[in-house]
Amino acid sequence: MDAPRSKTVAQGALESERPVARPVGDAVSAQPASSSLPVLGSAPRAAAKDHDDGSPVGPTPAMDFWEALYGRRSVRKFKSDSVGRELVDQVMHAGIWAPSSCNYQMWDLVAVDDPEVNAKLAALSSQMGNAPVNIVVSYGRDFSEEGWANVQSASALIQNMSLAAHVLGLGTFWITQMGDREKVREVVGLPYDRLVIAVLALGYPKFAAKAGPKRRPLSVVTHYNHYAGKPIPSSTDPAHWSREDLATYQRARVLNGLRHNKPRPWETRALLGMLERFVADGREEAQDTKRWLDVLPCTGILTERMSRERRGYRFDAVERTQDVCDFVAERTSPRAGTHLWPVPEAAHGQGEPTPDAYEVVTCLFRVENLAPRDRPALFRALARWVKPGGTVIVGFVSRRSFHDWTERLRARRGGPRGVEYVLSPDPNIGPFEALEPNDVETLARDAGLESVARIGLQAVPQPEEIAFRARNFGSKAKAIVGWVGGALGLVDRLGFVRSRWGRFQFVKFTRPSR
């Protein structure tokens with residue numbers, strides 16, 4: 001990112017003192033060409049007063065570059081052990097040797113290791129409450145704005161720090177969800193002309209690093225001379241997404257270390273309420289096992305819980321790609337059977353579920369992902385797979401509920417943008433839109449299904465959800481939101497309110513036995 005420029009005498013003098021790589025055993029040590037310095041891992045040497053010559057300021061243990069590059073992991077859980085400042089200094093020192101736009105180096109870092117100050121940061125965002133050290137990274141507010149060069153420069157610095165921390169046996173987590181960045185700036189005393197770019201959490205990992213998350217293939221994301229791929233839509237509108245787009249995006253999100261595979265308590269409560277009303281049998285294992293098909297379960301959060309609650313059923317799953325379906329199958333015990341829909345040409349004999357084979361077929365919170373043009377085909381498939389006289393259960397978010405206005409409110413207050421942040425129940429990952437209940441009934445009727453029963457749940461946000469959504473609010477805002485939520489909870493006790501305006505709607509259909 002350094003812009004080319006002609007050399008001055010002063011610049012030439014500085015370059016003569018820049019570090020050069022010298023081998024030390026199997027390692028490489030950065031040492032000034034004009035002097036002899038101790039090798040890697042030796043005591044730090046004081047830097048020059050008017051400039052930094054690249055000499056280490058802390059421990060620099062040897063590690064192969066490629067091992068460091070491919071071995072680094074994001075760490076979300078840290079030990080409470082403090083981190084010595086000589087290590088923090090070395091991490092930050094590695095950072096300031098990153099490239100910057102025009103070599104302006106307009107970054108300022110504040111390493112916070114005071115528990116009281118970190119507690120103030122954690123009050124702004126829970127992500128800043130996990131590590132003993134938070135490094136607040138800022139850049140000149142009005143410097144290098146063209147092409148977001150200021151953000152690019154600070155990002156290069158953060159990457160350097162992340163790699164250096166890994167080499168030092170530390171872990172890092174790159175935090176962008178900081179809450180109000182101006183309040184972060186005020187907490188650490190940065191002046192207004194410093195723009196907070198991100199925060200890097202730093203500490204000793206609580207758990208050993210696992211194998212790295214899978215990456216999208218190099219051949220898919222790289223091109224020579226001209227782009228030749230098919231981009232994933234940035235829109236949250238399902239109408240802008242094809243079936244192939246959904247398959248590609250959800251495969252990447254599910255398999256690449258995504259943390260959206262943990263149940264949320266309010267959603268689990270809705271699921272259990274549906275099971276109690278619609279599938280009362282199958283609580284215990286039985287020799288004559290009935291069959292249950294979960295359709296498009298994505299991460300398998302709900303599949304896993306249903307298989308535990310209804311052990312008298314043998315579960316299968318059907319997804320768009322085999323690896324996602326395998327991911328779901330591994331969450332059930334015994335392992336679920338796997339099927340594909342629609343069946344790709346390269347499926348090598350792996351087909352869609354057998355028609356007329358299942359006592360129960362569920363499709364929960366996935367119709368909302370599909371473009372309207374693709375929804376009829378899904379309902380026809382549901383009707384095809386269920387046995388005559390069997391049960392089809394469709395769960396969806398109602399457009400009559402509070403869902404849409406909370407989504408608008410989130411957007412208005414500056415909530416995170418993007419497909420991955422749209423408000424929706426898990427296991428949704430992708431575009432999403434709430435549905436009109438009558439439209440769901442029509443889709444089912446056109447596919448040959450008959451409505452048997454319907455329940456609505458959670459007409460107002462639940463206490464756990466309010467706490468979760470407001471976790472990065474200020475203390476006063478949290479108190480107000482909590483009070484409003486408590487008052488709304490009284491409304492939720494009214495059955496007719498839940499039935500008509502409940503966010504979670506579950507409809508039980510059957511396929512006539514004629």
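Quick note: structure is the one above.
Residues numbered from 1 in each chain as written. Predicted model: local features only at pLDDT ≥ 70, side-chain atom pairs only at ≥ 80, totals over all residues. Heavy atoms only, no water.

(A) Representation of the sheet that holds strand β13 (residues 504-510) within the structure. Pairing in this open sheet of 7 strands is mixed, and the strands run β9-β8-β7-β10-β11-β13-β12 from one edge to the other. Edge positions in the sheet fall to β9 (337-340) and β12 (450-457), since each of these pairs with one other strand and no more. When strand polarity is set aside, the average angle formed by the axes of neighbouring strands in this sheet is 20°. Taken strand by strand, helix α9 (residues 265-278) contacts β7 (290-295), β10 (358-364), β11 (386-397), β12 and β13, and its axis lies near 25° from that of β13. (Pairing = 2+ DSSP bridges. Helix = DSSP H or I, 4+ residues; strand = E, 2+ residues; numbered from the N terminus. Axes fitted to C-alpha atoms, helices over the stretch in contact; angles between N-to-C directions. Contact = heavy atoms within 4.5 Å.)

(B) Layout of a positive patch on the surface. A contiguous patch of positive charge on the surface is contributed by Arg76, Lys77, Lys206 and Lys262. Assignment of secondary structure puts lysine 206 in the loop between β6 (194-203) and α7 (218-221). (Patch = residues over 30% accessible without salt bridge, like charges linked within 9 Å, V, L, I, M, F, W, Y side chains within 5 Å. Areas by Shrake-Rupley, 256 points an atom, 1.4 Å probe, with all protein chains shown as cover. Salt bridge = Lys/Arg side-chain N within 4 Å of Asp/Glu carboxyl O. Lys, Arg positive; Asp, Glu negative; His and termini not counted. Charge placed at Lys NZ, Arg CZ, Asp CG, Glu CD.)

(C) Summary view of the pairing of strand β4 (residues 133-140). Among the 8 residues of β4, 8 are classified as buried, and the element is accordingly described as predominantly covered. Sheet topology places strand β3 (residues 107-112) next to β4; 6 bridges connect them, and they run antiparallel. Bridge pairing in β4 links valine 110 to valine 136. Relative to β6, β4 runs antiparallel, the two sharing 8 bridges. Bridge pairing links glycine 140 to arginine 194 in β6. (Buried < 20%, exposed > 50% of the residue type's maximum accessible area, 1.4 Å probe, protein only.)

(D) Structural context of the environment of aspartate 113. With respect to the element layout, aspartate 113 can be found in the loop between β3 and α4 (115-124). For the pair aspartate 113 and asparagine 134, spaced 21 residues apart in the sequence, the C-alpha separation amounts to 6.9 Å. Residues contacting aspartate 113, with those up to four places away along its chain left out, are Arg85, Asn118, Pro132 and Val133. A polar side-chain atom of aspartate 113 sits 2.9 Å from a polar atom in the side chain of arginine 85. (Polar contact = N/O pair within 3.5 Å; in protein donor to acceptor, adjacent residues only side chain to side chain.)

(E) Representation of the packing of aromatic side chains in the model. Scanning all chains against the criterion turns up 9 aromatic pairs. Ring geometry for tryptophan 341 and tryptophan 385: centres 6.2 Å apart, planes at 90°, overall edge-to-face. Of this pair, tryptophan 341 sits in the loop between β9 and β10 while tryptophan 385 sits in helix α12 (residues 375-385); the two residues are 44 residues apart in sequence, bridging distant segments of the chain. For the pair tryptophan 341 and tryptophan 385, a shared accessibility class is recorded, and that class is buried. Just above the ring of tyrosine 192 sits the side chain of arginine 141; from NZ or CZ to the centre is 3.9 Å. (Phe/Tyr/Trp six-rings, centres within 6.5 Å; stacked < 30°, edge-to-face > 60°. Lys NZ or Arg CZ within 6 Å of the ring centre and 35° of its normal.)

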